[in-house]
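# Residue-level structural notes
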Amino acid sequence: LAFMFQHSATALAYYDEDGEQLREKKERFLGEMQKQTGHVLARATNQAQRLCGLLSADLGDKVDEHVFRMQRILRKIAREQDEEARQTYENLAIQMAHHLHSLRQPALSHFEKLIKLSGQTHALKEALRRERHQSMVQLLTGRSGGMPRTATGHGDDEEGVLERLEDLVH
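Along each chain, the written sequence defines residue order, and numbers are assigned to residues from 1. Reporting in this predicted model follows two pLDDT cut-offs: at least 70 for local features of residues, and 80 or more for side-chain atom pairs to be given and counted; totals over whole chains, interfaces and linings ignore these cut-offs and use all residues. Processing note: side-chain calculations cover all non-hydrogen atoms of the structure and skip hydrogens and water entirely.

## What to know about the nonpolar core
- By size, the foremost hydrophobic cluster in this structure holds 12 residues: Val67, Met70, Leu74, Ile77, Tyr89, Ala93, Met96, Ala97, Leu100, Met136, Val137 and Leu140.
- By the criteria applied, helices consist of DSSP H or I runs no shorter than four residues and strands consist of E runs no shorter than two, each listed in order from the N terminus. The leading source of residues in this core is helix α3 (residues 83-117), at five residues. The nonpolar core is taken to be a set of buried Ala, Val, Leu, Ile, Met, Phe, Trp, Tyr and Cys residues, with the residues joined through side-chain atoms within 4.5 Å. Buried residues are those whose accessible area, probed at 1.4 Å on protein chains only, stays under 20% of the maximum for their type, while exposed residues exceed 50% and partly exposed ones sit between those limits.

Okay, structure coming up:
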C-alpha cells in the first residue's frame, strides 16, 4: 500500500506545475506515514517480545518440573541396593540425559544465532560454551564421577578451543 502511494504521489508531483506545494504535502504525508509505521512496528515488536518472554518462562517452568520428576525417579531407584537396580539407574540416567540434551538443543541453537547477531561478545560465547558442556547426567544424578557423559560431553572440543583462540584475537 505504501509503495502504491509513493508512486501515486510521484505522479502527482509531476502533474503540479509549480510542484512546491505538492512536494511539501507529500513530505508531510510521508513523514506521518513513517511515524505511524514506526509506532506499529514498535507495538508489534513489544508484543512479540512479551510473547517470547511468556513462552520462555512457561518452557523454563515445564523443563524444571520435568528435571525435578526425573531426579525424583532416579532417587527412588538409587535407594535399591541390588545390581539390577544399579544397572537400571545408570541406563535410565543416560536415557534421561539424552532426552534433556535434545530438549536443550533448539534453545542453544537459537541463543547461538542471537550471539552472532549481537556482535559475538566474549561473555555470551563463554556462557553458551558452558551450557553446551554442562553434564545432563550430573544435573540429574548430582554425581560428577562414576557415570558416563552423554551427548553434551561429546562436543567439538577442538572447535571450542579454536573459537576461544579466535575470540582472543578479535
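From this point on, the discussion continues.
## Quick word on the packing of α3 against helix α4 (residues 122-132)
- Close contact between α3 and α4 brings their axes to 10 Å; oriented N to C, the two are set at 165°. Between α3 and α4, the interaxial angle falls into the category roughly antiparallel. Handedness of the α3/α4 crossing: left-handed. Contacts from Arg104, Gln105, Leu108, Ser109, Phe111, Glu112 and Ile115 of α3 reach α4 at Leu124, Lys125, Leu128, Glu131 and Arg132.
- The classification used treats Ala, Val, Leu, Ile, Met, Phe, Trp, Tyr, Cys and Pro as nonpolar, Asp, Glu, Lys and Arg as charged, and all other residues, Gly among them, as polar. Of the residues that constitute the contact of α3 with α4, the class distribution is five nonpolar, two polar and five charged. Every axis in this analysis is a line fitted to C-alpha atoms, fitted for helices over the stretch in contact. Angles between the N-to-C directions lie between 0 and 180 degrees. Throughout this description, any angle smaller than 35 degrees is read as roughly parallel, any larger than 145 degrees as roughly antiparallel, any in the 65 to 115 degree range as roughly perpendicular, and the remainder as oblique. We call a crossing left-handed when the near helix sits turned anticlockwise from the far one by less than a right angle, and right-handed when that turn is clockwise. Residues are treated as being in contact if the distance between any of their heavy atoms lies within 4.5 Å.

## A look at the pattern of salt bridges
- Basic side-chain nitrogens of Lys or Arg form a salt bridge, by our definition, when they fall within 4 Å of a carboxyl oxygen of Asp or Glu. Evaluation of the coordinates by the stated rule reveals four salt bridges.
- The shortest N-O distance in the salt bridge between Lys62 and Asp58 comes to 3.6 Å. With a gap of four residues between them, Lys62 and Asp58 both fall in helix α2 (residues 20-78), about one helical turn apart.
- You can call Lys62 exposed: its relative accessible area is 52%.
- Arg69 is the salt-bridge partner of Glu65, the closest N and O atoms lying 2.6 Å from each other. Of the two residues, Glu65 and Arg69 both sit in helix α2, four residues apart, roughly one turn of that helix.
- Owing to a relative accessible area of 40%, Glu65 belongs among the partly exposed residues under this scheme.
- When salt bridges with common partners are traced through the structure, they connect Glu83, Arg86 and Glu90 into a single cluster.

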